[in-house]
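Spelled out, the chains give:
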Amino acid sequence: MFADMVLEDVKICLAGSIVRAGLAIEGERIARIAKETNLPRASKKIDLGGCLVLPGIIDAHVHLRDQGLEYKEDFFTGTCAAASGGITTVLDMPNNDPITMSVDSLRRRAEIAARKSIVNVAFYSAFPKNLEEMKDIVEWGAKGFKLFLSKQIGGVDPGDDEALLRSFKRAAALNVPVLIHAEDKEFLESKFEELKKKGCSDAAAFLEVHSVYSEIKAIKRVVKLSQMSGAQIHICHTSAGQSLNFIASAKRAGINVTCEVTPHHLLLSSRELELQGHIALTNPPLRSKRDQELLWLNLDKGIVDIIASDHAPHALCEKRRDSIWEVAPGFPGLETMIPLMLTQVNKGRLTLSKLIQLTSKRPAEIFKIEERGSLEEGCFADFIVVDMKEEWKIDSSRFHSKAKFSPFDGQTVKGRVVKTFVNGRLVMDSDEIVGKPGEGKIIR
Ligand code: DOR
Ligand code: ZN
């Protein structure tokens, strides 16, 4: 055997322990993982000097925008941000302009993504108006249906239980997950009216509207719908301890539910709204210190299935609105997620193998991203090289994302992604993008 590339002197995480090995890459795939003496010869050799190699990260919650929202982000800038942050596959959310909710809209989006992306991209759809179309959407290759319970995005009214049950039943029959933004529309709207009438527009009012109560109400509702329909549900960006308690009991009852947390809900509290203002505004919002602790506790207990970034880029002027009700919620996360989590590994708060589980292995399983998400012979060669010792400061002005702000700006982190390989090719090297637009694949 003669490989295209051999990576020598690397450390990899195998069954929970770190071992020294070498990797041989042939075409787009990992041909062999073995001691150096057992590796094939290759036309290209890279000595990684004992650096750690991890499977490429699969970020299951990303808003890449483009099309009508290109001013916020596009497939090139967004996937450059991903490559820079060690993410080799992103799953793109459907709240776009136009909304992704038909085979036609998926096709158009994929066509643009195929030209511009340097990491792999897969797509979610919103529910179409005509539920018959769900079959075609799944056959095209969408990885799930995203349901915003906070407002209608797509063809189904989130207030209509019967319509939701019909769509969940179809999702179950088609064997694809329904992803949930768990905030209750009815509660949000009535609380908002009440507080607006009183003239409230501070952070406290925002938190009262986007409350833990609203999240739990929404989760209870979809758990019930999952139970009635058999649909697999995935709760996005779970932000409160009580929500996880409820998800844990649903799991124990055998309901087909998985859940996600974000680095910002794990690492920041609502105090950031006072300290940083609207930059730190996101939905669901940052919660209390106690919630943060409970998120970690549930992560340790294995209740949390995955960590995802919820990369939600906006133009800075959309964050700087005077009224809190007008502020665009969300901030970029692709370039901070892995450095922040590696920092937690360095602090001993989480093991490396658990991090791999949460950011590569489980997302691949839940969303059926085949032959990716683990370092195994025969799998696609999506992997990252990490320097666990480098200490550096997050500087959002240097982001590849168009959104050059972050609530983590200025924080010191320990651990850096130094190289990113996608489909056997080097796309990011020492923070320089060396991949070409179009090298990322559309995963269907
Ligand atoms: O903060 C958020 N931003 N929450 C959402 O649900 C949507 C997202 C976005 O698209 O900006
Ligand atoms: Zn989101």
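Use the structure listed above.
These notes cover the structure that comes with them.

The rules we used
- Residues numbered from 1 in each chain as written.
- Chains lettered and ligands numbered in written order.
- Predicted model: local features only at pLDDT ≥ 70, side-chain atom pairs only at ≥ 80, totals over all residues.
- Heavy atoms only, no water.
- Helix = DSSP H or I, 4+ residues; strand = E, 2+ residues; numbered from the N terminus.
- Rg over C-alpha atoms; globule rule 2.2 N^0.38 Å.
- Buried < 20%, exposed > 50% of the residue type's maximum accessible area, 1.4 Å probe, protein only.
- Contact = heavy atoms within 4.5 Å.
- Donors = N, O, S within 2.8 Å, 3.2 Å for Na, K, Ca; no water.
- Expected span 1.5 Å × (residues − 1).
- Near = heavy atom within 4 Å.
- Polar contact = N/O pair within 3.5 Å; in protein donor to acceptor, adjacent residues only side chain to side chain.
- Areas by Shrake-Rupley, 256 points an atom, 1.4 Å probe, with all protein chains shown as cover.
- Nonpolar A, V, L, I, M, F, W, Y, C, P; charged D, E, K, R; others polar.
- Phe/Tyr/Trp six-rings, centres within 6.5 Å; stacked < 30°, edge-to-face > 60°.
- Lys NZ or Arg CZ within 6 Å of the ring centre and 35° of its normal.
- Pairing = 2+ DSSP bridges.
- Right-handed = clockwise from strand over helix to strand, strands pointing away.
- Axes fitted to C-alpha atoms, helices over the stretch in contact; angles between N-to-C directions.
- Left-handed = near helix turned anticlockwise from the far one by under 90°.
- Salt bridge = Lys/Arg side-chain N within 4 Å of Asp/Glu carboxyl O.

1. Observations concerning the overall build of the protein
For step 1, the next point in the chain: Summing up its helical and strand segments, the protein has 14 helices and 17 strands in all.
For step 2, the next point in the chain: A compact globule built from 444 residues should have a C-alpha radius of gyration of about 22 Å, and the protein, at 21 Å, falls within 12% of that.
For step 3, the next point in the chain: Structurally, the protein occupies a C-alpha span of about 70 × 50 × 45 Å along its principal axes.
For step 4, the next point in the chain: Put simply, the protein has 444 residues, and 62% of those count as buried.

2. Focus: the environment of Lys-393
For step 1, the next point in the chain: On the secondary structure map, Lys-393 appears in strand E14 (residues 383-393).
For step 2, the next point in the chain: The class of Lys-393 is exposed, set by a relative accessible area of 54%.
For step 3, the next point in the chain: Residues Lys-393 and Phe-408, spaced 15 residues apart in sequence, show a C-alpha to C-alpha distance of 9.4 Å.
For step 4, the next point in the chain: Among all residues touching Lys-393, those that are not within four sequence positions of it are Gly-410, Gln-411 and Thr-412.

3. Structural notes on the coordination of the zinc ion (ligand 2)
For step 1, the next point in the chain: At this site the zinc ion (ligand 2) is bound by His-61 (NE2), His-63 (NE2) and Asp-310 (OD), with donor distances of 2.0 to 2.2 Å.
For step 2, the next point in the chain: The sequence pattern describing where the donors of the zinc ion (ligand 2) fall on their chain is H-x1-H-x246-D. Here Asp-310 lies in the loop between strand E13 (306-307) and helix H12 (316-319) and His-61 lies in strand E5 (residues 57-62), a separation of 249 residues in the sequence. In this structure, His-61 and Asp-310 share a single accessibility class: buried.

4. Some thoughts on helix H7 (residues 212-229)
For step 1, the next point in the chain: Here H7 contains 18 residues, and its C-alpha end-to-end distance of 26 Å stays within 8% of the 26 Å for a straight helix at 1.5 Å per residue.
For step 2, the next point in the chain: Taken from the residues just after H7, Gly-230 is the one with a positive phi, measuring 85°.

5. What about the site of ligand 1?
For step 1, the next point in the chain: Around ligand 1, the structure places His-63, Arg-65, Asn-95, Phe-148, His-181, Thr-282, Asn-283, Ala-312, His-314, Pro-329 and Gly-330.
For step 2, the next point in the chain: In this structure, His-63 approaches ligand 1 through a side-chain N or O atom, which is 3.4 Å from an oxygen atom.
For step 3, the next point in the chain: Separating an oxygen atom of ligand 1 from a side-chain N or O atom of Thr-282 is a distance of 3.1 Å.
For step 4, the next point in the chain: A total of 290 Å² of accessible area belongs to ligand 1 in isolation, and the protein chains cover 91% of it.
For step 5, the next point in the chain: Classifying every residue of the shell around ligand 1 gives three nonpolar, seven polar and one charged.

6. Some words on the packing of aromatic side chains
For step 1, the next point in the chain: One pass over the structure, following the stated rule, counts nine aromatic pairs.
For step 2, the next point in the chain: Between Phe-187 and Tyr-213, the ring centres sit 5.2 Å apart and the planes meet at 55°, which makes this aromatic pair tilted. One end of the pair, Phe-187, is in helix H5 (residues 185-197); the other, Tyr-213, is in helix H7, and 26 residues separate them in sequence.
For step 3, the next point in the chain: These aromatic residues form a ring-pair network of at least three members: Phe-75, Phe-123 and Trp-140.
For step 4, the next point in the chain: It is Arg-29 that lies over the ring of Phe-380; its NZ or CZ is 4.1 Å from the centre.
For step 5, the next point in the chain: For Arg-372, the ring lying beneath its charged end belongs to Phe-380, and the centroid distance is 3.8 Å.

7. Observations regarding helix H11 (residues 289-300)
For step 1, the next point in the chain: Helix length check: H11 (twelve residues) gives 17 Å between terminal C-alpha atoms against 16 Å at 1.5 Å per residue, within 8%.
For step 2, the next point in the chain: Taken together, the buried positions of H11 are Asp-291, Gln-292, Leu-294, Leu-295, Trp-296, Asn-298 and Leu-299.
For step 3, the next point in the chain: Just past H11, the residue Gly-302 takes up positive phi, approximately 90°.

8. Regarding the pairing of strand E6 (residues 87-92)
For step 1, the next point in the chain: The buried fraction of E6 amounts to six of the six residues, a majority that puts the element mostly inside the structure.
For step 2, the next point in the chain: Here E5 runs beside E6; their pairing, made up of four bridges, is parallel. By the bridge assignment for E6, Ile-57 is matched with Ile-87.
For step 3, the next point in the chain: Remark: the E5/helix H1 (residues 75-84)/E6 crossover connection has right-handed handedness.
For step 4, the next point in the chain: In this view, the connection linking E6 to its parallel neighbour strand E7 (residues 120-123) by way of helix H2 (residues 103-116) has right-handed handedness.

9. Considerations on the sheet that holds strand E15 (residues 412-422)
For step 1, the next point in the chain: Spatially, E3-E2-E1-E4-E14-E15-E16-E17 is the arrangement adopted by the eight strands of the open sheet, whose pairing is mixed. Among the strands making up the open sheet, the edge pair consists of strand E3 (29-34) and strand E17 (432-433).
For step 2, the next point in the chain: With eight bridges joining them, E14 and E15 adopt antiparallel strand pairing. The partner of Lys-393 across the bridge, within E15, is Thr-412.
For step 3, the next point in the chain: Sheet strands in contact with helix H14 (residues 352-366) are strand E1 (2-14), strand E2 (17-26) and strand E4 (41-55), and its direction is about 105° off that of E4.

10. What about the side chain of Ser-117?
For step 1, the next point in the chain: By the secondary structure assignment, Ser-117 is in the loop between H2 and E7.
For step 2, the next point in the chain: Look at Ser-117 and you get buried, because its relative accessible area is 0%.

11. Let's talk about the pairing of strand E16 (residues 425-429)
For step 1, the next point in the chain: In the sheet, E15 pairs with E16 via four bridges, with the strands oriented antiparallel. Bridge pairing in E16 places Val-422 opposite Arg-425.
For step 2, the next point in the chain: Joining the antiparallel neighbours E15 and E16 is a turn of two residues, in which Asn-423 adopts a positive phi near 50°.
For step 3, the next point in the chain: Here two bridges tie E16 to E17, and the two strands are oriented antiparallel to one another. Across the sheet, residue Met-428 finds its bridge partner in E17, namely Ile-433.

12. Notes on the packing of helix H3 (residues 133-140) against helix H4 (residues 161-174)
For step 1, the next point in the chain: Put simply, H3 and H4 touch, their axes get as near as 10 Å, and they point 40° apart. Considering how the two elements wind past one another, H3 and H4 form a crossing that is right-handed. Counted together, Met-134, Lys-135 and Val-138 of H3 and Ser-167, Arg-170, Ala-171 and Leu-174 of H4 form the full contact between these two elements.
For step 2, the next point in the chain: For the contact of H3 with H4, the residue count by class is four nonpolar, one polar and two charged.

13. Thoughts on the pattern of salt bridges
For step 1, the next point in the chain: Inspection of every chain in the model, using the stated rule, returns 30 salt bridges.
For step 2, the next point in the chain: Between Arg-109 and Asp-92 there is a salt bridge; the shortest N-O distance is 2.8 Å. Of this pair, Arg-109 sits in helix H2 while Asp-92 sits in strand E6, and the two are 17 residues apart along the sequence. By the burial criterion, Arg-109 is buried, and Asp-92 matches it.
For step 3, the next point in the chain: For Glu-208, the salt bridge goes to Lys-191, with nearest N and O atoms at 3.7 Å. Taken together, the residues Glu-208 in helix H6 (residues 203-209) and Lys-191 in helix H5 connect sequence positions 17 residues apart.
For step 4, the next point in the chain: Among the charged side chains, a network of salt bridges with common partners joins Lys-191, Glu-194, Lys-198 and Glu-208.

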